[in-house]
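Structural features, examined
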Amino acid sequence: MAKVLLTGFEPYWDYPVNSSWVVAEKVAARGVVGVDIVIEQVPVSFSRVHVALREAVEKHSPNMLIMLGQSGGSDKVKLERVALNMMDSKLPDNDGYIPNEEPINIETPAALFTNIPIKSLRAAIEEQGISVKISNSCGLYVCNRLYYEALMLCKKYHLKSIFIHLPFYEGQPSAKPNKPTMPQNDMVKAIQTIIEKINDKYREF
Ligand code: PCA
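First, a word on scope: everything that follows refers to the structure included in this document. Predicted model, so just to flag it, every value in this text is computed and none were measured. (Residues numbered from 1 in each chain as written. Predicted model: local features only at pLDDT ≥ 70, side-chain atom pairs only at ≥ 80, totals over all residues. Heavy atoms only, no water.)

**Some details on the site of the ligand**
What surrounds the ligand is the set Phe9, Tyr12, Asn18, Val44, Gly69, Gln70, Tyr141, Val142, Cys143 and His165. Contact between the ligand and Tyr12: a nitrogen atom at 3.3 Å from a side-chain N or O atom of the residue. Here an oxygen atom of the ligand sits 2.9 Å away from a polar atom, N or O, in the side chain of Asn18. Across the complex, the protein chains shield 93% of the 260 Å² of accessible surface that the ligand would expose by itself. Looking at the shell around the ligand, the elements that each hand over two or more residues are strand E3 (64-70) and helix H4 (142-156). Broken down by class, the residue content of the shell around the ligand amounts to six nonpolar, four polar and no charged. (Near = heavy atom within 4 Å. Polar contact = N/O pair within 3.5 Å; in protein donor to acceptor, adjacent residues only side chain to side chain. Areas by Shrake-Rupley, 256 points an atom, 1.4 Å probe, with all protein chains shown as cover. Helix = DSSP H or I, 4+ residues; strand = E, 2+ residues; numbered from the N terminus. Nonpolar A, V, L, I, M, F, W, Y, C, P; charged D, E, K, R; others polar.)

Written out as structure tokens, the structure is:
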């Protein structure tokens, strides 16, 4: 049976709840037929997030690595295509650190791409009537740091990996007023659909 490691982030900034973790927990609770789903919460920390990911991959030995992050202000599920070898932010991470145009690793590629055919995932989610788009920038904050590490790990382990940014959910505490929200059920369904699709495509894991 295929195994998915699904990650979500802890709270950060002035968000006491992170939609990515709430959705990860719901996906694990509802499950996907024929797939073993394990979830791990990862820290909003430039210096710790990749260590947490590596430990989780070594602990669970998944076939698929699906990472969720909150993108407050987005009105769609965003399938991230690329991670950049760069860290930059105006606001601190949860350790108080603010990187200023720092490469993640001076010896590794400038950009890494998901190894999952992203357009077929978009089509499958659209078929469910859920608002989705492909994004060509995961930002330069901690989500991008995590994604870059994940795509490096894909080279080392036999892994399929993608990062997905999620909007605030309807009724989320401290979601910014006037920012779009999405029903939790739609986001959960979108992630279940992604897991089903990847599992169908790579049955031979
Ligand atoms: N979103 C942030 C980091 C944690 C999260 O949920 C980001 O987009 O980088």
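**Side note on the nonpolar core**
Residues Ile66, Leu79, Ile164, Ile191 and Ile195 are the most contacted members of the largest nonpolar core, which totals 68 residues. Looking at this core, the element that brings in the most residues is H4, giving nine residues. When near neighbours in sequence (up to four residues on either side) are disregarded, Ile191 contacts Leu6, Val23, Val27, Leu68, Ile164 and Leu166. (Core = buried A, V, L, I, M, F, W, Y, C linked by side-chain atoms within 4.5 Å. Buried < 20%, exposed > 50% of the residue type's maximum accessible area, 1.4 Å probe, protein only. Contact = heavy atoms within 4.5 Å.)

**Observations regarding the pairing of E3**
Across the seven residues of E3, seven count as buried, placing the element largely inside the fold. Of the two faces of E3, the one carrying Met64, Ile66, Leu68 and Gln70 and the one carrying Leu65, Met67 and Gly69 are both buried.

**With respect to the pattern of salt bridges**
Within the structure shown, the criterion is met by five salt bridges. Glu40 serves as the salt-bridge partner of Lys59, at 3.1 Å between the closest nitrogen and oxygen. Here Lys59 is found in helix H2 (residues 49-60), whereas its partner Glu40 is found in strand E2 (residues 35-42), with 19 residues between them in sequence. Measuring nitrogen to oxygen at the nearest pair gives 2.9 Å for the salt bridge that ties Arg54 to Glu149. In this pair, Arg54 sits in helix H2 while Glu149 sits in helix H4, placing the two residues 95 residues apart along the sequence. Here the salt bridges do not stand alone but share partners, grouping Arg54, Arg145 and Glu149 into one network. (Salt bridge = Lys/Arg side-chain N within 4 Å of Asp/Glu carboxyl O.)

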